[in-house]
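# Inside the fold
Below, each chain spelled out in residue letters.
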Amino acid sequence: MNLQIVDVRGLTKSSNTDVNMKDSIIKAISTKSVPFTDSRVVRKGGVPDTVMVRSLPTMILYDDKGLELFDKITYSEDYYLTNAEIEILKEYSTDMVRDYIQDGDVLIELGAGAMRKTKYILEAITESKKSVTYYAVDLANDSLRESLKPLADSYPAVKFVGLWGTYHDSLHWIQSNIPSSTRKRFLWLGSSIGNLSRQEAVDFFKMVKDTALNAGDLFWCGIDRRNSFETVSLAYNDRQGISRAFSLNGLTNINTIFKSNIFNVDDYEFVSIYNEIEGRHEAYFESKTDQTVTFTNEGKQIALKKGELISFEYSYKYSELEVADLLDKAQLSSLGKWSDTTNRYDFHIFYKPIFFFKKQLRNDLNHVPSLEEWESIWITTDFLTTKWIDSSRYQVQPIDLRRPYIFYLGHLPGFLDIQLAKLLILDYYSEIFERGIDPIMEDPTQIHPHSKAPDQWPNFEDIYAYRDVVRDRCRKVIKSSSISKPVARCLTMCYEHEAMHIETLLYMLMQENRNNYILRELPIPVLKAEPMVLAGASWIPMAGGVLEMGQDDYEVDDFDPSKASVRFGWDIEGPSHKVEVLPFEIQHRPVTCGEYFAFLMKVSFKDDLIPMSWTKAGSEWYVKSMYGPILMKYAVNWPVSTSLYHAKQYALHHGADIATEAQICFAQTTVKQMITDNHSFSSLIPKPVQANASCVTDLIGSGWELTKTPLAPFDGFVKSILYPGYSSDFFDDKHFVVLGGSWATAARIAERSTFRNCFD
């Protein structure tokens, strides 16, 4: 028979042995350690006090009887979560298996109880004829066997293994027993994440990521939304009373664990509260009378007063922002989600990325990049330059007007080396890798100052060795006990320089006329066919007024101890000043690929108006991406990525104009930066624009905002001492300001409102 049960209990301190459970129960109920603010009072307009109450561990609910009762709850019409999740699995399991499961993969379900949801995935696996091992994790041995046996009989092509124990036990067993080369797909159904506090959820996902996931491994997770008060209240206190029976059975289970009648269940009532402020359902036992809880063998007595509450379960709900915040803190990424037809429940696909950039949200932009941030950016650089670009292609010029790839391999450590050792004699590598080519597009024979290209580029192994030496030097500087202001500026500047080059290198890779650069190491995002053209964008009136632009950050102040440290900015960002912005109107969102496609149809697809970010095969149009060409029907509502010339022609055709830098900056002041903004590689493709909004959206991330403002210095501009050619070489009326960032822009750049970039 293709079924095996493995007892993994006792592998960690969190194991659900009776001894551990006894300790947890006594510790929890002995002290009033859980804050309680009665949201029922808030809902009625009152202001409740916050008091401390006792608690019991949620684990008491899940003995065999509890699992049986919970299974009954999931069949209740009031408990919408189950039907929503089943609907999603029925609709999308074939897609899940087709796009995300290969021969030899393992599927690991956390908290597997009743299997009526999982069968849809198992059916899709069987139909695909892929060889997969399915692991189910459960606390109850009997339930595990009863659930897996009929599945093993029904799906003989799938190997079934039951892991009897806690999540923690199972994850450590997986770490020790499943080879790291085996792709893992975790499955966490029923919005079980809601049983954890938001911080506990972050900690749990971190633990899963660090213990059991390799880069590219997936974590499918059902998550309930912050739905209406009435909807959630009924789901957790159903009209049949099953939720009440399930909860009170937890007290009976305690009696079983201690082999003593510690709790007289008739002396307690189940209390159900949906706290809309915190976005969580709260469950309590309420003591019906003054009474004493006695743990005889343990010599412990707890006095309870009539009406006293004992907290035993929270069920957290998640908004889109809260999901994004969870992923950012746990350092996971999202491939997208599927939703039920009532839009009350989501099935997310998370994964462990090869590289991760934490979002910082303005208030944390002043710090010097940490060693962790440096290591992350180096992982990204190395992935692009050593894995995505094969060493046999280092001499290739991806774009005719640029250096071959090998230059960028040496340029990034070379620039860092130069800045860290400005006063030292520069070596040969520093000379040839200092600066790349920035041609003038109208006359490519004219280029700005750059490093002289050698007759023969160094061997790439030697460049790797040079890179490692420079990075070790950087690590030592960061680890030093104190970092002076000049060194802090140098480190920040070099970090942002590398971040910008990563983004530039990505653009060159995607523009190169090749089809074999697809990122096969990473799972593909969820792609959904969209309507070809959205409803027209709304025009948002802007009142105009005085706008503060720029910031004051002068390198000479680094050597003046009386001057306080300020947020880093490139020379082109300063100084701060005020400008008068006249009233104007602006579309609430960027122009989409679909809208630009419609424009091309009207002008008969003129060759000089087709974006370089698009390509055609047969009769189909595609948008270039890190995953290879994406069919237009999936990218139709992405913001279009194109040139200023194309944008001007589109605007002219529609009787409009391109915004100025000041207008975009003014519009940005009306928008709050969000954790959901698409930058810092949180998604490796643009996100669809927001279709309907009463304010300006999508100004940060997904794609840079074009402006018609030539790059020029602000009055009072001071050229950089460390990097004098950074901006002044481009004050030529041929380069124009772009703002906001793309999906590949580092957080400290995308989130800094004063950052200005340029293109020609």
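Read on for an overview of the structure. Being a predicted model, the structure only gives us computed values, none of them experimental.

## Section: the sheet that holds strand 8 (residues 218–224)
- If you walk across this open sheet you meet the 8 strands as 1-6-5-4-7-8-15-14, and the pairing is mixed. Here the strands that pair on one side only, and so sit at the sheet edges, are strand 1 (3–7) and strand 14 (333–339). Strand-to-strand twist in this sheet, taken as the mean axis angle between neighbours without regard to direction, amounts to 20 degrees.
- Together, strand 8, strand 14 and strand 15 (345–351) form the strand contacts of helix 11 (residues 320–330), whose direction differs from that of strand 15 by roughly 20 degrees.

## Thoughts on the pairing of strand 3 (residues 50–55)
- With 4 bridges connecting them, strand 2 (residues 34–37) and strand 3 associate as antiparallel partners. In the sheet register, Phe-36 faces strand 3, and the bridge partner there is Val-51.
- Here 2 bridges tie strand 3 to strand 13 (residues 309–316), and the two strands are oriented parallel to one another. The residue of strand 13 that forms the bridge with Ser-55 is Ser-311.

## Some words on the packing of aromatic side chains
- Under the defined criterion, the tally for this structure stands at 51 aromatic pairs.
- On the numbers, 5.8 Å between centres and 5 degrees between planes, the contact of Phe-186 with Phe-219 is stacked. In this pair, Phe-186 is assigned in strand 7 (residues 184–188) and Phe-219 in strand 8, connecting sequence segments 33 residues apart. Like Phe-186, the residue Phe-219 is buried in the burial classification.
- Aromatic side chains Phe-270 and Phe-312 sit 6.5 Å apart centroid to centroid with 50 degrees between the ring planes, which places their arrangement in the tilted category. Placement of Phe-270 in strand 9 (residues 268–275) and of Phe-312 in strand 13 is noted, with a sequence separation of 42 residues between them.
- The buried category is assigned to Phe-312, whose relative accessible area is 1%.
- Through successive ring pairs, a cluster of aromatic residues spans Tyr-167, Phe-186, Trp-188, Phe-204, Phe-205, Phe-219 and Phe-350.
- The aromatic ring of Phe-229 is capped on one face by Arg-43, whose charged end is 3.7 Å from the ring centroid.
- A cation over a ring is seen here: Arg-280 above Tyr-314, with NZ or CZ 4.1 Å from the ring centre.

## Topic: unusual backbone geometry
- In this structure, Pro-575 follows Gly-574 across a cis peptide bond, with omega equal to 0 degrees.
- The topology assignment puts Pro-575 in the loop between strand 19 (545–549) and strand 20 (577–581).

## What to know about the environment of Leu-600
- Here Leu-600 shows up in helix 17 (residues 593–602).
- Of the residues examined, Leu-600 reaches a relative accessible area of 0% and is grouped as buried.
- A sequence separation of 102 residues divides Leu-600 from Glu-498, and the C-alpha atoms of the two residues are 36 Å apart.
- With residues up to four places along the chain from it excluded, the contact list for Leu-600 reads Phe-605, Leu-609, Ile-610, Pro-611 and Trp-614.

## Quick notes on the pattern of salt bridges
- Summed over the entire model, instances satisfying the criterion amount to 39 salt bridges.
- With its nearest N and O atoms 2.9 Å apart, the salt bridge here joins Asp-38 to Arg-40.
- For Asp-38, a relative accessible area of 14% gives the class buried.
- Classification of Arg-40 as partly exposed rests on a relative accessible area of 39%.
- Ionic pairing is found between Lys-65 and Glu-68, a salt bridge with its closest N-O pair at 3.9 Å.

## A few points about the packing of helix 13 (residues 405–420) against helix 16 (residues 485–511)
- Remark: helix 13 packs on helix 16, axes separated minimally by 9 Å, with the N-to-C direction vectors making an angle of 170 degrees. What the angle tells us is that helix 13 and helix 16 run roughly antiparallel. On the side of helix 13, the interface is formed by Tyr-405, Tyr-408, His-411, Leu-412, Phe-415, Leu-416, Gln-419 and Leu-420, while helix 16 contributes Cys-490, Leu-491, Met-493, Cys-494, His-497, Glu-498, His-501, Leu-505, Met-508 and Leu-509.
- Broken down by class, the residue content of the contact of helix 13 with helix 16 amounts to 13 nonpolar, 4 polar and 1 charged.

## Concerning the side chain of Ser-76
- Assignment of secondary structure puts Ser-76 in the loop between helix 3 (64–74) and helix 4 (80–100).
- Within the structure, Ser-76 has its side chain in polar contact with the backbone nitrogen of Asp-78 (distance 3.2 Å).

## Observations concerning the sheet that holds strand 2
- In spatial order, the strands read 2-3-13-10-9; together these 5 strands make up an open sheet with mixed pairing. Unpaired on one side and paired on the other, strand 2 and strand 9 mark the two borders of the sheet. Direction aside, the axes of adjacent strands within the sheet are offset by 45 degrees on average.
- Here helix 9 (residues 229–236) sits on the sheet in contact with strand 9, strand 10 (280–287) and strand 13, set at roughly 155 degrees to strand 9.
- Running at roughly 120 degrees to strand 9, helix 10 (residues 242–258) makes contact with strand 9, strand 10 and strand 13 of the sheet.

## Looking at the packing of helix 15 (residues 460–479) against helix 16
- For the pair helix 15 and helix 16, interaxial distance at closest approach is 11 Å and the crossing angle is 135 degrees. Compared by their axis directions, helix 15 and helix 16 come out oblique. The handedness of the crossing between helix 15 and helix 16 is left-handed. On helix 16, the residues that touch Arg-471, Cys-474, Val-477 and Ile-478 of helix 15 are Val-487, Leu-491 and Glu-498.
- Here the contact of helix 15 with helix 16 is built from residues that sort into 5 nonpolar, no polar and 2 charged.

## Section: the environment of Val-591
- The residue Val-591 is located in the loop between strand 21 (584–587) and helix 17 in this model.
- Sequence separation between Val-591 and Ala-651 is 60 residues; the distance between their C-alpha atoms is 9.8 Å.
- Contacts of Val-591, omitting those with residues within four sequence positions, involve Tyr-596, Trp-638, Pro-639, Val-640 and Tyr-650.

The rules behind each value
Numbering of residues starts from 1 in each chain and follows the order in which that chain's sequence is written. Local features in a predicted model are, by the rule used here, given only for residues with pLDDT of at least 70; side-chain atom pairs are given and counted only at 80 or more, and totals for whole chains, interfaces and linings are based on all residues. Side-chain measures were taken over the full set of non-hydrogen atoms in the model, leaving aside hydrogen atoms and water. Paired strands, in this sense, are two strands between which DSSP finds at least two bridges. Each helix corresponds to a stretch of at least 4 residues labelled H or I by DSSP, and each strand to a stretch of at least 2 residues labelled E; elements are numbered beginning at the N terminus. Only the stretch in contact is used when a helix axis is fitted, and all axes are lines through C-alpha atoms; the angle between N-to-C directions ranges over 0 to 180 degrees. It only takes one pair of heavy atoms within 4.5 Å for two residues to be counted as in contact. Each Phe, Tyr or Trp ring, with Trp reduced to its six-membered ring, pairs with another whose centre is within 6.5 Å; inter-plane angles below 30 degrees give stacked pairs, above 60 give edge-to-face pairs, and intermediate values give tilted ones. Accessibility here uses a 1.4 Å probe with only protein chains present; expressed as a share of the type maximum, an area under 20% marks a residue as buried, one over 50% as exposed, and anything in between as partly exposed. Counted as over-ring charges are cases with an Arg CZ or a Lys NZ within 6 Å of the ring centre that also lie within 35 degrees of the ring normal. We count a salt bridge whenever a side-chain nitrogen from Lys or Arg sits within 4 Å of a carboxyl oxygen from Asp or Glu. Orientation labels follow simple angle bins: below 35 degrees gives roughly parallel, above 145 gives roughly antiparallel, 65 to 115 gives roughly perpendicular, and whatever is left gives oblique. Three residue categories are used. Nonpolar comprises Ala, Val, Leu, Ile, Met, Phe, Trp, Tyr, Cys and Pro, charged comprises Asp, Glu, Lys and Arg, and polar comprises the others, including Gly. Here a polar contact means two N or O atoms within 3.5 Å. Within protein one must be a hydrogen donor candidate and the other an acceptor candidate, and residues neighboring in sequence count only if both atoms are side-chain atoms. Whether a crossing is left-handed or right-handed is set by the direction in which the near helix is turned from the far one by less than a right angle, anticlockwise for left-handed and clockwise for right-handed.

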